[in-house]
Structure formats: structure tokens, C-alpha cells
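Structural features, examined
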Amino acid sequence: MNAQRPTPNAQRAVYGLYPDGQAAQQAFNRLRAAGVATSDITVITAQPMEDFEFGNLDKATWMWWFACLGGLIGMSVGLGLSWLTETSWPLNVGGLPIFAWWPNLIIIFELTMLGAISATAVTLVVSALLPSRGRTLYDPEVTDGKILIGVENPPDGAIPDLEKTLGAPPGARVKTV
Amino acid sequence: MSHPTGARINSDLLRPLFQTSWRFFLLVAIFGGIVGLGLVTWMAQVYRGYGVTGIRWPVYWGFYITSFVFWIGISHAGTLISAILRLVNAGWRRPVTRCAEVITVFALMIGALFPIIHLGRPWLAFWLFPYPSERLIWPNFRSPLVWDFFAINTYLVGSVLFLLLPIIPDFAVVRDKSTGLRRKIYGALALGWRGTPKQWHRLETAIQIMAVAIIPVAVSVHTVVSFDFSMAPVPMWNTTIFGPYFVAGAIFSGIAGLLIAMAVLRKFLHLEDYLHPVHFENLGKLLLVMALLWGYFVFNERLVTYYGNEPAEMAVFWRTQQESFAPLYWTMVIGNFVLPLILMGIRRFRTITGCVIASIGVIVGMWLERFLIIVPSLGHKYLPYSFGIYRPTPTEIIIAGATFAAMTLLYVLFAKFVPIISIWELKAGEHPSPTLVPPATEEQLGELHL
């Protein structure tokens, strides 16, 4: 069975709530065995669960590279700001060089780090938080420790099969919304 | 010692958000009143002029700059300690990190106020900002004060983000547990957090990157603050040791501030099941290490000055060792070295009470240290025409004192609206996978002795 790709505003979903990681992993395995693509399975947990396969989805990220890019931009701004400012209004201080590397390295370093830190935060918001705003599949019971495994926007005829598949692991509670 | 799990973690840590006792209002009233008094005093200073302070030629830096350096030092508690503990994956960090990160943000905000208070004419504070202006007063990038501007603001932005990012999942917990307007507000703050693996991975990666980035920034901030002094040709200031000396002192006072905050939170929010004696013991050991490091730096600073025997420096040296500033100097030595060495060095005294007493000693000692760096040197420079004295006035004492109340007030308000211990990190620590088990667990640390 192949579920449709979820739309940004999912109208319909089938999901199970599981008391522990083992049961959730079973449900995840059964969904895949039933033909649901891994990318179509929604997993929601109250804490990171990297010791299970379902907790390791979507791990690859470019965030480190974006942080480096932010750092490079920050460094350029630091260099540009100190260079342009000092050469545009050259203050002669006891015959010292107008543009000296040592004092400017502090400005350049701070702006480099500011760029990297800001780019990291922006990348997190843009890549992980904004895309999930408005999505409907969520259950507040996750907050109490339940693990949600489900499929958003399944094809019409697939719902009974999905309910059966998701209900098989021990302790499962299946809901259709 | 019990280890709460799942739903109990939620209910225990969300209790302060959903239940408000009379104690909260009492604390807000008391500390709000002191902060109000400080604000009125500051307004009076602005209205009547800077003459109401004791700052006179040649001692142009007094209580305000002492407090500035002190609070920037306290700010090292959080982000730096939290970042280090995160990077080394110390399992016992989980209940501690947020308590620490909050201190950083509020201490930086308070510290950054002091240069503005010190200006006398705060409406001209923007003259300090390094922007190319139409007045053709281009900022001097060779001035340590401009470096301060960049360093403190970078640290503040980084610390605020470092605090806020791990709070997002906890905002979602509060959203799920609340109704009405509160639900809407926390829902907006949660930024659409659901808890998908993608979100968890991105969040953890972001925290990791920020932890790596924030450590050199934290070190640079207090190094740059030390440059405010060490770049100046003033006796006992112009020394290369000031950078690491200030950083060590900052971490030292930061740990002390964190220990006091944790003890108060544990007592008043009933967090005995989360903030265990082992957390205090571990931080107490760190306090002991920093006390020894501080003693090492002071010994270096003093010995080199003494051996150099330069007249102007020796005058300042003796003023602090056995003349007018000696009582403050030896109080500092007792608070920063003797007290922590005894209380944290002897295992029997390394209790929560012992940690708090030692920390109070360190806080007092570190404030005195900043004062003793600034005032004796400025009052006794190279030539006799620039000798002078400094006596703080009630205006300065009230304003500096009110910032301690401001810190407490901000902390109380924060703990009222945000879970003061990271809920999701505690839960993540419940069942760590074998590969993620931290090297220093509570049980193992219980067997460690210094």
C-alpha cells in the first residue's frame, strides 16, 4: 500500500499511540512491511529516541555547513566594517597604523561567531520548525510519554488496513482523525 | 533518592507554572520594591547630575564599573558551564543546564546596564555604538570599549539563543497541558514543535554547534573585559596575566552563583528529586578547582609585582596588602580561597549547606576582587598629582545593591513562566542507549573522592 505524501495541512490521519520504544518500533516495522514508504510515516515523541530506528529518520543535515557559511558572512562583515570605518576616517593615534590587524581581529572574531550562531538558529527554525506549522497530526498524549506512529492523508481504502497494522503491537491505541 | 519518570516529571516541573502561592507574590513585591528603589535612585542621579556619586578625579571608575565586571563574570556560570557539560555529555548536567543558562542571560543584561548608568547621561548611550554616524565621530576600533560592545553583544545573542532553543520542546509541553489564552501563548512560543525525529535531530545539532561556538565567545568576553584594564598604563593593570585571570575569576564566581541559585530553587520549588546532593557535590568540586586556580593567579600577579619592585606598582601593592585596602583584601582572600578550600576540600563539608556558604563567600570575595583591581590603582597612579581617594555614596550603593534584587526578581519570574529544569532532557536521560551512557553517572560519581 502506498500512502499519499502528506500535504502541509493534513486533513486525515491514522495513528497509534505506544507506551514504549519497542512497541513503537514494531508498529514502524509493520507499516513498512505493509508497503508504506518510510518518508510517509509520521513519528512523534516527547524526547529524542535515537536508540531506535524510528528515532533516526531525517538525520542528515546541512546545518554545520550553514553555520560555517554564517561564520564566513560574519567574518566578512567584521572585516568590512573595521576596514571601511577606519580607512574612511583615519584617526592618527600616536603614529600607529590606521588599520591594524591585532585589535581588529577581536571585532572580526566576534562577528564571525555571531554569524555562525545566528545562522544555526535560523537554519533550525527554517528547516525544522516552520515546515511543521499548521500540520494537524499531533496528539497531546505524546507529552505524557506516548509515542505516536502514524500515516497522514492515507488513501481512502487503506484506512482499515492501517488501523489493523498499527493496532498489532502490545499496548497500542489506534486513532483515526 | 528517587528518580521521577514520564508524567511525574511533567507534573513536578510544571507545578510552579500552574500553581501560584502567596510566596511568589511576596517575593515579587519585595524584590520589585528594591528594584523600584534602585530605579528611582538612578532617576535621581540623572536629574541631579553625576555629582551625587563619589566618582571624582582621579578615580573615575567606582562601584558601577566594579559591578559591571562582576556581573559579566557571573554570566560565565551558565552558557560556558552548560556548553562544556553538554559537549562532554555529562549525564548529571540535565537538571543543571537551564538553571545555569538563565543566570547568564540575566547577568549579562544587568551587567550591560552599568556602562549606561556610569555614563551619567544615559540618553547619549548610542554614542558608544560603533556605527558610522553623520556627526563624523567614527568609532575607534582600537579601543577596548568598542571591543566590549561587540564581545558582550555577541555573547548576549548567543546566550539568549542557547537558552531559548532547548526551551522550545518544553513550551510545547506547557501548550499541551494548558488551556485558553495560556495555550495560545505557549503554542505560539513552541513555534510549531511536534517532536518529529527531524526536529529532535536539528535541535540537538543546533545545540551542539552553539555549544562549540559559545565556549570561545565566553572566554573572549571576559578576556576583552580584562583588556579594559590591561591596555591602560595604570599600576598593576598593564599585565598579560589579566586575560586568563579574569576568565578564571568569572567562571569561579559563575559557579558560585549557580550553586546558590540551585539551592534556592531546590528549597522553594521542592525540586529535591531533581537537584540531588551529587549535583552540588560535583559543582562543589569544580568550585574547589577554581579556588585553587584563582589562588594560583593571585600568587602570580602578586609575586611578579613584588619581584619587579617598580615604585608605583609597589605603592598599590602595599595599599592593598597592609594599608587602607587591607581589610577588604584579606576578606577577599578568605572568601575566595580559604573558605572554599576548607568547605569544598573536606568531603564532610561538601554538602548543600557547605556549598552555599562557600559560594556566598566567593560572591563577596569576587565582588571585592573587582573593586580592589579598580579603585586602589586608579587612586594611586604614577605621579603624585594624580593621587586621590574614592568613597561610594548611598546612590551608588543603592543602585549596585538593587541589581542583586533585579537578578533575583528576573529569576523568580522566569521560574514562574518557564520550566526551570529542562523536561525533555530529563526524559531523554531516563533510558539512554548503551552507546550514549555518559561516562560520569550519578552512581559512579558517588564513589569519587578528591
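Keep in mind the model is a prediction, meaning the values are calculated, not measured.

Quick look at the overall build of chain B now. Within chain B, the secondary structure is distributed over 17 helices and zero strands. For a compact globule of 450 residues, the expected C-alpha radius of gyration is about 22 Å, and chain B comes in at 23 Å, within 12% of that figure. The dimensions of chain B, computed from C-alpha atoms along their principal axes, are 70 × 55 × 40 Å. Residue burial in chain B is summarised as follows: out of 450 residues, 49% are buried.

Residues and elements named next belong to chain B. Helix H14 (residues 352-378) packs onto helix H13 (residues 326-345) with a crossing angle of 150 degrees between their chain directions and a minimal axis gap of 8 Å. The angle between H13 and H14 places the two elements in the roughly antiparallel class. H13 and H14 meet at a crossing whose hand is left-handed. Residues Leu328, Tyr329, Thr331, Met332, Gly335, Asn336, Leu339, Pro340, Leu343 and Met344 of H13 form the contact with H14, whose own contacting residues are Gly354, Ile357, Ala358, Gly361, Val362, Val364, Gly365, Met366, Leu368, Glu369, Phe371 and Leu372. In the contact of H13 with H14, the residues fall into 15 nonpolar, six polar and one charged.

Attention shifts here to the sheet that holds strand S3 (residues 147-152) of chain A. All names here are of chain A. Taken in spatial order, the four strands line up as S2-S3-S1-S4 in an open sheet, and their pairing is antiparallel. On the outer flanks of this sheet lie strand S2 (41-44) and strand S4 (173-176), each paired with one strand and no other. Here the average twist between neighbouring strands, direction ignored, is 20 degrees. Bridge count between strand S1 (residues 13-18) and S4: four bridges; the pairing is antiparallel. Residue Leu17 lies in a different strand from S4, and its bridge partner there is Arg173. Helix H1 (residues 21-33) rests against S1, S2 and S3 of the sheet, and its axis sits at about 15 degrees to S3.

A few words on the domain arrangement of chain A. Looking at chain A, the domain boundaries give domain 1 (13-60 + 135-176) and domain 2 (63-130). In this structure, domain 1 of chain A and domain 2 of chain A have C-alpha centres spaced 45 Å apart.

With that settled, the discussion passes to unusual backbone geometry. Here the residue pair Trp57 of chain B and Pro58 of chain B is connected by a cis peptide bond, since its omega of 5 degrees sits within 30 degrees of zero. In this structure, Pro58 of chain B sits in the loop between helix H2 (22-48) and helix H3 (63-74). One non-glycine residue, Asp58 of chain A, adopts positive backbone phi at about 55 degrees. Within the secondary structure layout, Asp58 of chain A lies in the loop between S2 and helix H2 (63-88). For Asp58 of chain A, a count of 17 C-beta atoms within 10 Å corresponds to the partly exposed category. One non-glycine residue, His270 of chain B, lies in the positive phi region at around 55 degrees. Mapped onto the fold, His270 of chain B is located in the loop between helix H10 (242-268) and helix H11 (277-308). C-beta crowding within 10 Å serves as the criterion here: with 12 such atoms nearby, His270 of chain B is assigned to the exposed category.

So, about the interface of chain B and chain A. The extent of an interface is frequently quoted as the accessible surface area lost upon association of the parts. The interface is formed by 48 residues belonging to chain B together with 54 residues belonging to chain A. Secondary structure elements with two or more residues in the side of chain B that touches chain A: helix H1 (6-18), helix H6 (144-164), helix H7 (168-177), helix H9 (197-230) and helix H16 (423-428) of chain B. Among the elements that line the side of chain B that touches chain A, the one with the most residues is H9 of chain B, at 17 residues.

Criteria and cut-off values
- The residue numbering used here restarts from 1 in each chain and proceeds along that chain's sequence as written.
- The naming scheme follows written order: chains are lettered A onward, ligands numbered 1 onward.
- Per-residue local features are limited, in this predicted model, to residues with pLDDT of at least 70; the limit for side-chain atom pairs, both in listing and counting, is 80 or more; totals at the level of whole chains, interfaces and linings are taken over all residues.
- A run of H or I in DSSP counts as a helix once it spans at least four residues, and a run of E counts as a strand once it spans at least two, with each numbered from the N terminus.
- Taken over C-alpha atoms, the radius of gyration is set against a globule rule of 2.2 Å times the number of residues to the power 0.38.
- Comment: burial labels come from other C-beta atoms within 10 Å of the residue's own C-beta, placed from the backbone, where a count of 20 or more is buried, 12 or fewer is exposed, and between is partly exposed.
- Axis lines are fitted to C-alpha atoms, over the contacting stretch for helices. Their N-to-C directions set the angle, which ranges from 0 to 180 degrees.
- Oblique is the label for any angle not covered by the other classes, which are roughly parallel (under 35 degrees), roughly antiparallel (over 145) and roughly perpendicular (65 to 115).
- Helix crossings are classified by the rotation of the near helix relative to the far one: an anticlockwise turn of less than a right angle makes the crossing left-handed, while a clockwise turn makes it right-handed.
- This entry defines residue contacts through backbone-placed C-beta atoms, with two residues in contact when those atoms are within 7 Å.
- Three classes are used: nonpolar for Ala, Val, Leu, Ile, Met, Phe, Trp, Tyr, Cys and Pro, charged for Asp, Glu, Lys and Arg, and polar for all others, with Gly counted as polar.
- Strand pairing requires that DSSP identify at least two bridges connecting the strands.
- Throughout the structure description, domain borders are defined by an automatic or database domain assignment.

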